[in-house]
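Listed below are the residues making up each chain.
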Amino acid sequence: MDHFNDFDKNSFASSEVAQKELVLSFFSSREVETYSLYQSLALDLYRSITFFRTYGKVEKFITAHQDFADYKEDIEELWAEFEHMNEEELAEVSLRILTDL
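Residues numbered from 1 in each chain as written. Predicted model: local features only at pLDDT ≥ 70, side-chain atom pairs only at ≥ 80, totals over all residues. Heavy atoms only, no water.

1. A closer look at the overall build of the protein
No. 1: Counting secondary structure elements, the protein contains five helices and zero strands.
No. 2: Helices and strands in the protein line up, N terminus first, as α-α-α-α-α.
No. 3: Partitioning the contacts of the protein with sequence separation of at least 6, the portion at a separation of at least 24 is 59%.
No. 4: With an accessible surface of roughly 7,500 Å², the protein has 54% of that area assigned to carbon and sulfur atoms. (Helix = DSSP H or I, 4+ residues; strand = E, 2+ residues; numbered from the N terminus. Contact = heavy atoms within 4.5 Å. Areas by Shrake-Rupley, 256 points an atom, 1.4 Å probe, with all protein chains shown as cover.)

The structure is reproduced here in structure tokens:
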């Protein structure tokens with residue numbers, strides 16, 4: 001039975017890594033300097049949704065990304081809004097953002 005628990009933990013951890021790599025790859029392939037203010041804000045919103053969906057809890061996100069510790073309250077406030085949305089709504093917003101970019 002422990003084997004299944006380890007598999008679930010390892011599977012989740014590897015999916016987190018894959019999600020991070022996908023997002024980093026997407027953003028590293030784009031020239032962010034040429035983005036308008038709207039596009040920059042849209043990118044930030046997309047990243048926030050992605051991190052919300054990946055980590056689920058602000059504390060877990062802050063632990064993994066210490067450079068955001070000073071913004072914890074802002075992140076909590078934004079993620080509280082995301083909690084009112086279901087997975088389909090979050091996915092739809094993410095797709096709209098990517099389409100606009």
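2. Notes on the layout of surface pockets
No. 1: Approximately 270 Å³ is the volume attributed to the largest pocket.
No. 2: Lining the largest pocket are Asp 44, Arg 47, Ser 48, Phe 51, Phe 61, Phe 68, Tyr 71, Asp 74, Ile 75, Leu 78 and Trp 79.
No. 3: Sorting the residues of the lining of the largest pocket by element identifies helix 2 (37-55) and helix 4 (72-82) as the ones contributing at least two each.
No. 4: In terms of residue class, the lining of the largest pocket is built from seven nonpolar, one polar and three charged. (1 Å grid on protein atoms, 1.4 Å probe; cavity = no way out; pocket = protein on both sides within 12 Å on 5 of 7 lines; lining within 4 Å. Points joined across faces, edges and corners; volume = space filled by probe spheres on them. Nonpolar A, V, L, I, M, F, W, Y, C, P; charged D, E, K, R; others polar.)

3. A short note on a negative patch on the surface
No. 1: A contiguous patch of negative charge, built from Glu 73, Asp 74, Glu 76, Glu 77 and Glu 81, is present on the exposed surface.
No. 2: Tracing the backbone shows Asp 74 in helix 4.
No. 3: Classification of Asp 74 as exposed rests on a relative accessible area of 52%. (Patch = residues over 30% accessible without salt bridge, like charges linked within 9 Å, V, L, I, M, F, W, Y side chains within 5 Å. Salt bridge = Lys/Arg side-chain N within 4 Å of Asp/Glu carboxyl O. Lys, Arg positive; Asp, Glu negative; His and termini not counted. Charge placed at Lys NZ, Arg CZ, Asp CG, Glu CD. Buried < 20%, exposed > 50% of the residue type's maximum accessible area, 1.4 Å probe, protein only.)

4. Some thoughts on helix 4
No. 1: Every buried residue of helix 4 is accounted for by Ile 75, Trp 79 and Phe 82. Each buried residue of helix 4 lies within a common arc of 40° when the element is viewed along its axis, so the set occupies one face. Facing away from the buried surface of helix 4 by more than 90 degrees, the exposed residues are Glu 73, Asp 74, Glu 77 and Glu 81.
No. 2: Residues of helix 4 that are buried in the fold lie against helix 2, helix 3 (58-64) and helix 5 (87-100). (Arc of directions from axis to C-beta.)

5. What to know about the pattern of salt bridges
No. 1: Evaluated as defined, the whole model comprises four salt bridges.
No. 2: Residue Arg 47 is joined to Asp 44 by a salt bridge in which the shortest nitrogen-to-oxygen separation is 3.5 Å. In this pair, Arg 47 and Asp 44 both sit in helix 2, three residues apart, roughly one turn of the helix.
No. 3: Lys 72 is the salt-bridge partner of Glu 59, the closest N and O atoms lying 3.9 Å from each other.

Without other data, these values stay purely geometric and don't point to any function.
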